[in-house]
Amino acid sequence: MGDNGKYRAVVLGGSISGLFAARVLADFCTTVTVVDRDALTGVAEPRRGVPQGRQVHGLLARGHQIIEELFPGITDDMVRAGASIGDVAGNLRWYVGGVRLPQSRSGLTALTSSRPFLERHVRSRVQALPGVEFLERHDILRLRATPGRERVTGVVVAGQESGAETVLDADLVIDATGRGTRTPAWLEELGYPRVEEDRLKIGLGYTTCHYRMRSDPYGSDTAINIIGSPDLPRGAICAKVDGDRSVVTAYGVLGDHPPTDPEGLLAFVKSVAAPDVYDALQDAEPLDAPVAYRFPASLRRRYERMSRFPQGLLVTGDAMCSINPTYAQGMTVAALEAVTLRRHLASGTPPKPLAYLRDLATDAIDRAWDLMVGSDLSYPGVEGERTPELLAGQAYAAQVQRAATRDATVAQAYLQVIALMEPSESLAHPDIAQRVLALQDEPA
Ligand SMILES: Cc1cc2nc3c(=O)[nH]c(=O)nc-3n(C[C@H](O)[C@H](O)[C@H](O)COP(=O)(O)OP(=O)(O)OC[C@H]3O[C@@H](n4cnc5c(N)ncnc54)[C@H](O)[C@@H]3O)c2cc1C
């Protein structure tokens, strides 16, 4: 342990979840070292270590709420620098099953920017915190542990230019290296069992391109989100980001992927359930070449089910759970995980890993994961167990979506759930359920 009973932490990975973790660790640790293989300081462009950063990244209202709490004033800073701000129900234009949701003020903030823009703002706040240091352009090689392997004591890293290995001693190491994490293999090398994994294959493909719009497709809106559905499993998103640019992403599931040639992409966008994005692209100026990203399956590592786990090691972010990104939950789950981490740090000593991992599962991940499972399994081609409870939940969710296209109150309740502000049970509240049932026979 370091001075004053405080301790040293090393965060593996300086992307969104690593930055959120560093922010809360800084309140409890003497030093917080954030290690990443990429150059980070001042970087405003997509990074090699975060290839998904080229694709559209929506920030759910719950994630925005936590980010503003962790970094007071960051919303204003981002808006001044070019992010768009609006109301989740009032200024995001949602199409569900091809029908536009009625718009009304929900009080939930929709902050829209590119992923690198958000990351840069969060990163500069974290870098300014006392005790936080960044070790950039360093590869994380392996963990160090006590001879009995019951405790992780640090990590070995190598500078990319020199290749020289350095040992970073730490009282707490937190893995935020994303979906490609090596923690499962490292644990096995240390004599622990292989972590169980849950996977749900979705075969998702994204293609993204940036444009300058010559005519205004938005009006008072900041983004247009035409959601794919089992009837038409293709979607498109168009959002104002970083000043005068628009990001346009098209997606399809189960191998039906948008092409990357501009004409093919346009034809794909034309085939989604509403014309708004296609119309907007008619006279838009492309600013870059379309870029694809493939996401084969949602993946959840069930560390919380392990009977043994080394002291001094925690996991966060996509390294623990990576969810079908069409629900835009990843960064919000990472923010919820930082809140859980903060609670476990409050005792003043490094958290007990299994207690932390169990709370992470229940308090930060379950709700997002369950929403994804219910929705992805509504695609007949997605393989997975469909229990009677799941089928009943799906049937009600379909009714809610139908009613949401007809009624602003139901639309708001639905958006509260998908923004991870409220649990899905809130949709069964009698005030909502009565409206949902009454609206089933109403024409759209
Ligand atoms: C196509 C796509 C679209 C998405 N859209 C959204 C969205 O709309 N909204 C949303 O909230 N989320 C979205 N996500 C999810 C989001 O990107 C992640 O949840 C979020 O980035 C948190 O991830 P992370 O910080 O845990 O890991 P990552 O962002 O993957 O970062 C891992 C970091 O670790 C570093 N690293 C890894 N290995 C090493 C090593 N050995 N040595 C040194 N450094 C290393 C990398 O350089 C990187 O900086 C999307 C994901 C995908 C794939």
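As the structure is a computational prediction, the values presented were derived from the model and not from experiment. (Residues numbered from 1 in each chain as written. Predicted model: local features only at pLDDT ≥ 70, side-chain atom pairs only at ≥ 80, totals over all residues. Heavy atoms only, no water.)

1. As for the nonpolar core
Heads up, the condition is: Take the buried residues of types Ala, Val, Leu, Ile, Met, Phe, Trp, Tyr and Cys, join any two whose side-chain atoms come within 4.5 Å, and each joined set is a nonpolar core. A simple rule labels every residue: compare its accessible area, found with a 1.4 Å probe on the protein chains alone, to the largest value its type can have, and call it buried under 20%, exposed over 50%, or partly exposed in between. Working definition: helices are DSSP H or I runs of at least four residues, strands are E runs of at least two. Numbering for both runs from the N terminus. Contacts: residue pairs with any heavy atoms within 4.5 Å of one another.
Ranked by size, the top nonpolar core spans 120 residues in total, and within it Phe 20, Leu 25, Tyr 303, Phe 309, Leu 341 and Leu 357 carry the most contacts. Of all the elements, helix H9 (residues 353-376) adds the most residues to this core, at ten residues. Among all residues touching Tyr 303, those that are not within four sequence positions of it are Thr 183, Pro 184, Leu 187, Val 195, Phe 309, Val 315, Ala 319, Met 320, Leu 354 and Leu 357. With 21 residues, the next largest nonpolar core counts Tyr 218, Val 248, Phe 268 and Leu 281 among its residues.

2. Thoughts on the UniProt feature "domain: FAD-binding" (unreviewed entry) in the protein
Which entries qualify depends on this criterion: UniProt positions are given in the numbering used here, feature names are shortened, and annotations may be inferred rather than shown by experiment.
Per the UniProt record, "domain: FAD-binding" (unreviewed entry) is found at residues 8-347. Annotated as residues 8-347, this span is 23% helix and 32% strand, and its ends, taken at the C-alpha atoms, are 15 Å apart.

3. Considerations on the layout of surface pockets
If you roll a probe as big as a water molecule over the atoms, it shows you where there is empty space left. What counts, and what does not: Cavities and pockets are defined on a 1 Å grid built over the protein atoms alone: a cavity is a set of grid points where a 1.4 Å probe fits but cannot escape, while a pocket is an open set with protein on both sides within 12 Å along at least five of seven lines, and lining residues are those with an atom within 4 Å of any such point. Grid points are joined across faces, edges and corners, and a volume is the space filled by probe spheres set on the points. Polar here means any residue other than Ala, Val, Leu, Ile, Met, Phe, Trp, Tyr, Cys and Pro, which are nonpolar, and Asp, Glu, Lys and Arg, which are charged; Gly is therefore polar. An automatic or database domain assignment supplies the residue ranges for each domain.
Volume-wise, the second largest pocket comes out at about 340 Å³. Around the second largest pocket, the lining is made up of 22 residues, and of these Glu 45, Pro 46, Pro 116, His 210 and Arg 245 lie nearest the centre. Broken down by element, the residue count for the lining of the second largest pocket peaks at four residues, all from helix H4 (residues 115-127). Residue composition of the lining of the second largest pocket, grouped by class: eight nonpolar, seven polar and seven charged. Residue-level mapping places the lining of the second largest pocket at the junction of two domains, with at least three residues from each of domain 1 (3-52 + 118-196 + 302-372) and domain 2 (70-114 + 201-296).

4. Focus on the sheet that holds strand E18 (residues 313-315)
Using the following cut-off: Pairing between two strands is assigned when DSSP locates at least 2 bridges connecting them. Fitted lines through C-alpha atoms serve as axes, helices being fitted only where they are in contact, and the angles separating the N-to-C directions of these axes extend from 0 to 180 degrees.
One open sheet accounts for five strands, arranged E7-E2-E1-E11-E18; its pairing is parallel. Sheet topology places strand E7 (132-135) and E18 at the edges, where each strand pairs with a single neighbour. Within the sheet, the average angular offset between the axes of one strand and its neighbour, ignoring direction, is 20°. Where strand E1 (residues 7-12) lies against strand E2 (residues 29-35), six bridges are found, and the strand directions are parallel. Residue pairing across strands places Arg 8 opposite Thr 31, the latter belonging to E2.

5. Section: the domain arrangement of the protein
Under the convention used in this document: Note on terms: buried area is the combined drop in 1.4 Å-probe accessible area of two parts once they are placed together, counting the loss on both. Each salt bridge in this description consists of a side-chain nitrogen of Lys or Arg and a carboxyl oxygen of Asp or Glu lying within 4 Å of one another. The term polar contact refers here to a pair of N or O atoms within 3.5 Å; inside protein, the definition further demands a hydrogen-donor-capable atom paired with an acceptor-capable atom, and it admits residues adjacent in sequence only when both atoms are side-chain atoms.
By the assigned domains, the protein splits into domain 1 (3-52 + 118-196 + 302-372), domain 2 (70-114 + 201-296) and domain 3 (388-438). Just the C-alpha atoms count here: the centres of domain 1 and domain 2 sit 30 Å apart. With 18 residues of domain 1 at the interface, the matching set in domain 2 holds 17 residues. With both chains or domains summed, domain 1 and domain 2 bury close to 1500 Å², and 69% of this area falls on carbon and sulfur atoms. For domain 1, the biggest contributors to the area lost against domain 2 are His 121, Arg 125 and Thr 326; these three give 37% of the whole. For the salt bridge of Arg 125 with Asp 77, the shortest nitrogen-to-oxygen distance reads 3.0 Å. Inspection of the region where domain 1 meets domain 2 yields six residue pairs in polar contact (both at pLDDT 80 or more). Listing elements by their share of the side of domain 1 that touches domain 2, those giving two or more residues are helix H1 (16-25), H4 and helix H8 (330-345).

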